[in-house]
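Here is what each chain is made of, one letter per residue.
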Amino acid sequence: MSQFAFFALLLVAALALGGAWVVHGVLTRSRTGPDDPDNPVVIASPPDEMSAEVLRSKIEAFGIRAFTRNRLGRTFPGGVPPILLGWEVLVRRADAEEAEQIIGIDSRDPSPTSDA
């Protein structure tokens, strides 16, 4: 095989892989906007998995679907202390306000007040 044929074959393979990557990106990208009511939002960041599951159970007891995740993902190399993982409780954007009321968290930043 000549060098020209080898580089032509390499170019065709690179173009095919690039095209497949573009098609995959177009087919798998989100078709919803960031304000879509079905997008998940984080409503709480408890320190450990047990606390996250308690909050999730409390929310689901009121009929709102919720799920938990750790910030590093389920697969990570080596032993990471559980306190460093950080957990999140998520619900649909449309259910966030009600879920925050259920668990007693107000999403708005508290305004500074003085007792003077």
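Residues numbered from 1 in each chain as written. Predicted model: local features only at pLDDT ≥ 70, side-chain atom pairs only at ≥ 80, totals over all residues. Heavy atoms only, no water.

A. Main features of the overall build of the chain. Looking only at helices and strands, one finds four helices and three strands in the chain. Helices and strands appear in the chain in the N-to-C order α-β-α-β-α-β-α. Scored against the burial criterion, the 116 residues of the chain give a buried share of 22%. Intrachain contacts of the chain at a sequence separation of at least 6 include 65% that bridge at least 24 residues. When the accessible surface of the chain is totalled, it reaches about 9,000 Å², and 62% of it is carbon and sulfur. (Helix = DSSP H or I, 4+ residues; strand = E, 2+ residues; numbered from the N terminus. Buried < 20%, exposed > 50% of the residue type's maximum accessible area, 1.4 Å probe, protein only. Contact = heavy atoms within 4.5 Å. Areas by Shrake-Rupley, 256 points an atom, 1.4 Å probe, with all protein chains shown as cover.)

B. Here's a closer look at helix α2 (residues 49–60). The end-to-end C-alpha distance of α2, which contains twelve residues, comes to 16 Å, matching closely the 16 Å that a straight helix rising 1.5 Å per residue would cover. Taken residue by residue, α2 has A52, L55 and I59 as its buried positions. Angular distribution of buried residues about the axis of α2 spans 65°; they occupy a single face of the element. (Expected span 1.5 Å × (residues − 1). Arc of directions from axis to C-beta.)

C. Spotlight on the nonpolar core. Within the largest apolar cluster, 15 residues are counted, with the highest numbers of intra-cluster contacts made by I43, I59, V89, V91 and I103. Ranked by residue count, the leading element in this core is helix α4 (residues 96–103), at four residues. (Core = buried A, V, L, I, M, F, W, Y, C linked by side-chain atoms within 4.5 Å.)

D. View of α4. Listed as buried for α4 are A96, A99, E100, I102 and I103. Angular distribution of buried residues about the axis of α4 spans 155°; they occupy a single face of the element. Seen from the open side of α4, the exposed residues pointing more than 90 degrees away from its buried face are E97 and Q101. Of the residues trailing α4, G104 is marked for its positive phi of about 80°.

E. Region of the structure containing the confidence of the model for the chain. Averaged over every residue, the pLDDT of the chain is 78; residues scoring 70 or more account for 67%. Contacts of residues 106–112 to residues separated by more than four positions or lying in other chains number one contact, the stretch itself having pLDDT below 50. (pLDDT = per-residue confidence, 0-100.)

F. Quick peek at the pattern of salt bridges. Across all of its chains, the model carries five salt bridges by this definition. In this structure, E53 and R56 form a salt bridge, with 2.7 Å as the shortest nitrogen-oxygen distance. Taken together, the residues span about one helical turn, with E53 and R56 both in helix α2 at a distance of three residues. Across the pair E60 and R56 runs a salt bridge whose closest N-O atoms are separated by 2.6 Å. Taken together, the residues span about one helical turn, with E60 and R56 both in helix α2 at a distance of four residues. (Salt bridge = Lys/Arg side-chain N within 4 Å of Asp/Glu carboxyl O.)

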